[in-house]
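One-letter residues, chain by chain:
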Amino acid sequence: MKTIEEFLSAVDIRIYDRGVRYYENGMVERLVRDGCHYSAKVHGSDWEPYDVDIQLSEEQEVKDWYCTCPYDGGDVCKHVVAMLLAVQNGKAKEKKTTPRKNKNKPSFSLEPLLSKASKKELAALILEHTKEDERFCANVLFALGAPDEQELSTAKEMIHASIRRNTHRGDIDMRGCDAICNDMDEVLETARRHVERGRFAAAIALALEMLHIGAKLASEADSSSGCLCDTMDYGLELLENAAASLQSGEPKKKQVSFDKILKIAPNKTFDDWEDLRYDLLNCAALLADQKSAPKLRTLLDELLAAAGKMEYGREYCMEANMETRFRLIETMEGAKAARDFLSQHLDFDRLRELAVIMDMDAGNYKRAEKLCLEKAETTSRNPYGSPSQWHELLCNIYRTAGQEKKLTAQLRTMLLLGKLECYDELKKRLQADGCWEQEYPSLLQSIAASRPCDQYMLILAKESELALLIEQVERKPDTVFIYGNQLAKQYPQRVYALCASQIRSVGELVQNRRDYQKLCSLLEKLIGYGGTAEARQLVMELRETYPRRSALQEELTLLERKAAKQL
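Below is a short write-up of the structure. (Residues numbered from 1 in each chain as written. Predicted model: local features only at pLDDT ≥ 70, side-chain atom pairs only at ≥ 80, totals over all residues. Heavy atoms only, no water.)

**A closer look at the overall build of the protein**
- Helix and strand counts for the protein come out as 28 helices and six strands.
- Over its C-alpha atoms, taken along the principal directions, the protein stretches across nearly 80 × 70 × 45 Å.
- The 567 residues of the protein split such that 45% are buried.
- Partitioning the contacts of the protein with sequence separation of at least 6, the portion at a separation of at least 24 is 56%. (Helix = DSSP H or I, 4+ residues; strand = E, 2+ residues; numbered from the N terminus. Buried < 20%, exposed > 50% of the residue type's maximum accessible area, 1.4 Å probe, protein only. Contact = heavy atoms within 4.5 Å.)

Rendered as structure tokens:
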């Protein structure tokens, strides 16, 4: 058995991410604890929420779980993940009475009955159920390996039926979009099984169709939950894997898959999804041969001409177009011709990056370094303020080539450009070289001079430079509740004074119960730092200043009771 944290870390990342979104969006309701048993209602695809039950051990390890959703892509669904996150964050309420058994969960095993039934009886039962449940019918076709065209047709009808079912007055709301995505995921799970069984062409057909439908859905539905993006990412991942695997497959199947991609990619649906369009064409490039390659070149020429007329996104489309040409050359003419093509188009950052990667793979680290340094000198940061990809690539080059001194210097450069994640590795390397004590003071000064105050303070806190940290906090007092716990042991009165000042400032702006609760949480932190007397004084001031705000008075009373229990 595993703890909740260990259990969640083993869940498929795609399912985990969706579970996190469900939890954060408040989809878990009526979470009740009865000993080590937890039950809840978790909203999902259907209008009625799913029943979820989880059994923990006395050591709070996950023993068993159950959800009434129809998910069959694995042992753990996103509803279980969402509920476990709620349990982990202490959202459960105690239940004194014994919970009722889930009426949807059979209290007996069907296996003995099924083992006794004849093949004819089972077939009749399945056929009867397929007439009543289109989802079950589709799953039967997927599971039993229907012919590719029939399977594709069934998948399309299943998703279009889901779209109709979840469209209300012409709109698809967030929950409806999530429901459609769940159905699309079922189709993609079938595509995944096809990849595992070597049916790459069938997998490509299903993934391609789901991506096409998903691109349309993006312009019609409320996809704010993020589920649609997850589904699209999953579909693209399957498509790329299947195309790469089919690259050495049967020419006829390659041709069929190539034609399908080239038929869908120019569709206007992808005009707002240019990145996805070129992802599809990169897959087509893997499947091209001497006969089909001219078709792809012609399409790329047409798209390049259209990109030249675009008002927005012109540079991206031109760069993506050139990357697809590179992929096509690599497939048709080999690595050397592809690398020569990159050398001719190094003004495109993406192609320069690909050239660096190819040189690293070939062990030509000197040329890879030169390509990066040329850009690093003029492009130190990306648009988000972090070190540019050229600095990241230089780190990879030096690490792969075993150039330790250059790697240490590059880590320092990236740290001073704002990548604080480099600090620990840089420190470890300098310690190993025996020069950390010598380098540390100048490094700290460089960070103070080059980085914003908040980043400098993070390093000070990490190194327990409390004298410097308290000075920074006094210059930026709104950070006292970030570092107060660490500073209060050595500078209690200075911390209490800063907290009191901030609480008084916040108190002047509060207007509703949520604001009052935030204000009380700050008072609670002050008490936690040891400033009980100061907190009491502030509570008295607030009571006297706002005697008519009953909600604030109630929250202050709750705080006093809570503080009294703690003390």
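**Brief notes about the packing of aromatic side chains**
- Taken as a whole and assessed by the stated rule, the structure comprises four aromatic pairs.
- Ring geometry for Trp 436 versus Tyr 440: centroids 5.1 Å apart, planes at 40°, classification tilted. Of this pair, Trp 436 and Tyr 440 both sit in helix α21 (residues 436–450), separated by four residues, roughly a single helical turn.
- Judged by relative accessible area, which is 13%, Tyr 440 ranks as buried.
- Each residue in the set Tyr 423, Trp 436 and Tyr 440 is aromatic and connected to the rest through ring pairs, giving one cluster.
- Over the aromatic face of Tyr 234 sits the side chain of Arg 14, whose NZ or CZ is 3.7 Å from the ring centroid. (Phe/Tyr/Trp six-rings, centres within 6.5 Å; stacked < 30°, edge-to-face > 60°. Lys NZ or Arg CZ within 6 Å of the ring centre and 35° of its normal.)

**Quick word on the sheet that holds strand β2 (residues 28–34)**
- Taken in spatial order, the six strands make up an open sheet running β1-β5-β4-β3-β2-β6, and their pairing is mixed. This sheet does not close on itself; its edge strands, each paired only once, are β1 (2–3) and β6 (93–94).
- Helix α3 (residues 78–88) rests against β2, β3 (37–42), β4 (50–56) and β5 (61–67) of the sheet, and its axis sits at about 55° to β4. (Pairing = 2+ DSSP bridges. Axes fitted to C-alpha atoms, helices over the stretch in contact; angles between N-to-C directions.)

**Quick look at the packing of helix α20 (residues 422–432) against α21**
- In contact at an axis separation of 9 Å, α20 and α21 are set at 150° when each is read in the N-to-C sense. Classed by the angle they form, the pair α20 and α21 counts as roughly antiparallel. In this structure, the crossing between α20 and α21 has a hand that is right-handed. Packed against α20, whose contacting residues are Tyr 423, Leu 426, Lys 427, Leu 430 and Gln 431, the element α21 presents Trp 436, Glu 439, Tyr 440, Leu 443 and Ile 447 at the interface.
- Here the residues of the contact of α20 with α21 are counted per class, giving seven nonpolar, one polar and two charged. (Parallel < 35°, antiparallel > 145°, perpendicular 65-115°, else oblique. Left-handed = near helix turned anticlockwise from the far one by under 90°. Nonpolar A, V, L, I, M, F, W, Y, C, P; charged D, E, K, R; others polar.)

**Observations regarding the pairing of β3**
- In terms of residue burial, β3 counts as a mostly covered element, since five of its six residues are buried.
- The sheet contact formed by β2 and β3 spans five bridges and is antiparallel. Across the sheet, residue Val 32 finds its bridge partner in β3, namely Ser 39.
- Turn length for the β2-β3 hairpin, with the two strands adjacent in sequence and antiparallel, is two residues, and the turn residue Gly 35 shows positive phi of about 70°.
- Note: β3 against β4, six bridges, orientation antiparallel. Residue pairing in the sheet places Tyr 38 in a bridge with Ile 54 of β4.

**Concerning the side chain of Lys 375**
- Summarising the element assignment, Lys 375 is placed in helix α17 (residues 365–376).
- Taking the relative accessible area as the measure of exposure, Lys 375 reaches 19% and is therefore buried.

**Regarding the pattern of salt bridges**
- Taken as a whole and judged by the stated rule, the model has 39 salt bridges.
- With a closest N to O distance of 2.8 Å, Arg 325 and Asp 301 form a salt bridge. Highlighted residues: Arg 325 in helix α14 (residues 314–333) and Asp 301 in helix α13 (residues 293–307), separated in sequence by 24 residues.
- Look at Arg 325 and you get buried, because its relative accessible area is 16%.
- A salt bridge links Glu 425 to Arg 399; the shortest N-O distance between them is 2.6 Å. Here Arg 399 lies in helix α18 (residues 389–401) and Glu 425 lies in helix α20, a separation of 26 residues in the sequence.
- One salt-bridge network, in which partners are shared between bridges, spans Arg 14, Arg 18, Arg 21, Asp 185, Glu 189, Arg 192, Glu 196 and Asp 230. (Salt bridge = Lys/Arg side-chain N within 4 Å of Asp/Glu carboxyl O.)

**Some points on a negative patch on the surface**
- Together, Asp 12, Asp 17, Asp 233, Glu 237 and Glu 240 make up a region of like negative charge exposed at the surface.
- Of all the elements, helix α10 (residues 227–246) adds the most residues to the negative patch, at three residues.
- Structurally, Glu 240 can be placed in helix α10.
- Given the relative accessible area of 34%, Glu 240 is considered partly exposed. (Patch = residues over 30% accessible without salt bridge, like charges linked within 9 Å, V, L, I, M, F, W, Y side chains within 5 Å. Areas by Shrake-Rupley, 256 points an atom, 1.4 Å probe, with all protein chains shown as cover. Lys, Arg positive; Asp, Glu negative; His and termini not counted. Charge placed at Lys NZ, Arg CZ, Asp CG, Glu CD.)

**Examining the packing of helix α2 (residues 13–24) against helix α8 (residues 174–197)**
- At their nearest, the axes of α2 and α8 sit 14 Å apart, and the two run at 170° to each other. Between α2 and α8, the angle is such that the two are roughly antiparallel. Along the contact surface, α2 presents Arg 14, Arg 18 and Tyr 22, while α8 presents Asp 178, Cys 181, Asn 182, Asp 185 and Glu 189.
- Across the contact of α2 with α8, the residue classes tally to two nonpolar, one polar and five charged.

**A short note on the nonpolar core**
- The biggest cluster of nonpolar side chains holds 92 residues, and the ones touching the most others in it are Met 83, Leu 239, Leu 280 and Leu 281.
- Per-element tally for this core: the top contributor is helix α9 (residues 200–218), with 13 residues.
- Not counting residues up to four positions away in its chain, the partners in contact with Met 83 are Val 28, Leu 31, Tyr 38, Ser 39, Ala 40, Val 42, Val 52 and Ile 54.
- Counting residues in hydrophobic clusters, the runner-up holds 78 residues, among them Trp 390, Leu 415, Tyr 483 and Tyr 529. (Core = buried A, V, L, I, M, F, W, Y, C linked by side-chain atoms within 4.5 Å.)

**Describing the side chain of Lys 78**
- Residue placement: Lys 78 occurs in helix α3.
- One buried charge, Lys 78, has no salt-bridge partner; the nearest side chain with opposite charge is Asp 185, at 5.2 Å.

**Some points on the environment of Val 510**
- Note that Val 510 resides in the loop between α25 (492–507) and α26 (513–528).
- For Val 510, a relative accessible area of 4% puts it in the buried group.
- Put simply, Val 510 and Leu 281 are 229 residues apart on the chain and 55 Å apart in space, counted from C-alpha to C-alpha.
- Those residues in contact with Val 510 that lie beyond four places of it in its chain are Asp 515, Tyr 516, Leu 519 and Arg 549.

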